[in-house]
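Notes for the structure review
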Amino acid sequence: MFSGLSAFPLTPMRGERPDEQGFIRLVTRLAEAGVQSIGALGSTGNYAYLTLDERLRLTRLAVEHAAGVPVMVSVGAVRTRDVLTLAEGAQQAGVSALLLAPVSYQPLTQDEVFSLYQTVAQNSDVPLCVYDNAATTHFTFTDALYSRLAALPAIGSIKLPGAPLAAPDGRERVAALRAALPQSVKLGVSGDMFAQAGMSAGCDLWYSVVGGLYPRLALRLMRHAQEASAQSAAFFESLAPLWALFSRHGSLRVIAALAVLSGLLDEPPLPAPLKMLPAQEQEALRALLPVLDSWETA
C-alpha cells in the first residue's frame, strides 16, 4: 500500500452533486496506468464539501473500479463520530487504508489529535495514514506527536508536507524521522513541486495530485526521482510554470482547470463557492498541455 506512486484523483461535481461517471473515468484511468495506490477523496477529491452519504457512495465506486489497485480513502471530519462512520463504511467497501487529517473548527491540541487517531485506530482493521496538511487544517504536528502516533499499531504511513524536505537539510530530516519512528511506518512526500526533493531525500512514496490526472507522467517522474538522475531535476524544472500556478492558486483549482482543458471532464468540477482559475491563468495552463500530454503518452 505505502510505496511508489499514490495518485489522488479529483472528485468532479456536476452542479450540486458529485459527477459519478466522471469520477469513475478518473479512477479507471489510474488503474489502467498501473499506479501503486489510489488516494480517493483527499483534499483534491473535495471530501470536505461532500455529505457522509456521498463520501461513502464514492468510496464504494472507487474500490469497485480500481481493478484491484489498493485504495486509500480520506475519513477526516470535524466530529469523531462522523470519522468513525466513514471509517466503518470504507472498511466495509474494501479499502486498503484510511487517510486521516485532524479536521477542526475549534483549534485542536496535541492531546486531542492523538486521541482522535487512537480512537480511529482502535476501530480499524486497515492501516491509517497520518495526513499532515497544515495549510488546510491549521494544525501543526510536532515530532513528539509523530512518535506517539507511530506507536499505535494501526499507523502505516505519514503524509509529510514537502517544503521541509526540499530544504538543504531535507535528507537529514528524513533520516531523523526514520530513526525516531518504527520501520513499519512509511514516509510519503506531498506537494508535487517537492516530490523530486522528497524522493531524493529517501521518502518511500509520493502522494501525488498531478498523478491523479496524469498518472503515467507521474510514474515517469517518480522513477527518475528515485534514481536521483540529472534527468529527474530537468523534468521537474520544465514544469516550473505548473508549480508556480500551484503556489498561487492551490493545486485543486489548477488540476480542476487542467481536467477541463485536457478534455477529461466536460464542465467545471469544483463545488460552490470555489471558482475556476482566472482566464489568463487558464491560458498559461493551456500552453503546458502539449508537454503534459507528450509525457503522459510517451
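Residues numbered from 1 in each chain as written. Predicted model: local features only at pLDDT ≥ 70, side-chain atom pairs only at ≥ 80, totals over all residues. Heavy atoms only, no water.

Turning next to the overall build of the protein. Scanning the protein for helices and strands turns up 13 helices and ten strands. By the compact-globule yardstick of 19 Å for 298 residues, the protein fits well, its C-alpha radius of gyration being 18 Å. With respect to the principal axes defined by its C-alpha atoms, the protein has extents near 45 × 45 × 35 Å. Taken over 298 residues, the protein has a buried fraction of 54%. Summarising the internal contacts of the protein: among those between residues at least 6 apart in sequence, 72% fall at separations of at least 24. For the protein, the accessible area works out to roughly 12,500 Å², and carbon and sulfur atoms hold 52% of it. For the protein, the centre of its 22 positive side-chain charges and the centre of its 26 negative side-chain charges are spaced 1 Å apart. (Helix = DSSP H or I, 4+ residues; strand = E, 2+ residues; numbered from the N terminus. Rg over C-alpha atoms; globule rule 2.2 N^0.38 Å. Buried < 20%, exposed > 50% of the residue type's maximum accessible area, 1.4 Å probe, protein only. Contact = heavy atoms within 4.5 Å. Areas by Shrake-Rupley, 256 points an atom, 1.4 Å probe, with all protein chains shown as cover. Lys, Arg positive; Asp, Glu negative; His and termini not counted. Charge placed at Lys NZ, Arg CZ, Asp CG, Glu CD.)

Our next topic: the pattern of salt bridges. According to the stated counting rule, one finds eleven salt bridges in the structure shown. Between Asp204 and Arg178 there is a salt bridge, with its nearest N and O atoms 3.1 Å apart. Taken together, the residues span a long stretch of sequence, with Asp204 in the loop between α8 (195-200) and β10 (205-208) and Arg178 in helix α7 (residues 170-180) at a distance of 26 residues. Classification of Arg178 as partly exposed rests on a relative accessible area of 34%. Where salt bridges share partners, they join Arg14, Asp19, Asp266 and Glu267 into one cluster. (Salt bridge = Lys/Arg side-chain N within 4 Å of Asp/Glu carboxyl O.)

Once that is clear, we can look at helix α13 (residues 279-297). Between its terminal C-alpha atoms α13 stretches 27 Å, which fits the 27 Å expected from 19 residues at 1.5 Å a residue. In the structure, α13 departs most strongly from a straight axis at Leu288, where the bend amounts to approximately 40 degrees and where the proline Pro290 lies between one and four residues downstream. Taken together, the buried positions of α13 are Glu281, Leu285, Leu288, Leu289, Leu292, Trp295 and Glu296. (Expected span 1.5 Å × (residues − 1). Bend = angle between axes of the 7 residues up to and from the residue.)

The subject of this paragraph is the packing of aromatic side chains. What the rule picks out here adds up to five aromatic pairs. Taken together, a centroid distance of 6.4 Å and an interplanar angle of 65 degrees make the contact between Tyr117 and Phe141 edge-to-face. Placement of Tyr117 in helix α4 (residues 110-122) and of Phe141 in the loop between α5 (134-137) and α6 (143-150) is noted, with a sequence separation of 24 residues between them. A relative accessible area of 0% places Tyr117 in the buried class. The exposure class of Phe141 is buried, given its relative accessible area of 8%. An angle of 20 degrees between the planes, with centres 5.7 Å apart, marks the rings of Phe141 and Tyr146 as stacked. Taken as a pair, Phe141 and Tyr146 share a single burial class, namely buried. Through a chain of ring-to-ring contacts, the aromatic side chains of Tyr117, Phe139, Phe141 and Tyr146 assemble into a single cluster. (Phe/Tyr/Trp six-rings, centres within 6.5 Å; stacked < 30°, edge-to-face > 60°.)

A word on the sheet that holds strand β1 (residues 4-7). Pairing is parallel around the closed barrel formed by eight strands, whose spatial order is β1-β4-β5-β6-β7-β8-β9-β10. Shown here is a sheet whose adjacent strand axes are inclined to one another by a mean of 25 degrees, direction ignored. Where strand β7 (residues 128-131) meets strand β8 (residues 155-161), four bridges bridge the pair, whose relative direction is parallel. Among the inter-strand pairings, Leu128 is bridged to a residue of β8, identified as Ile155. (Pairing = 2+ DSSP bridges. Axes fitted to C-alpha atoms, helices over the stretch in contact; angles between N-to-C directions.)

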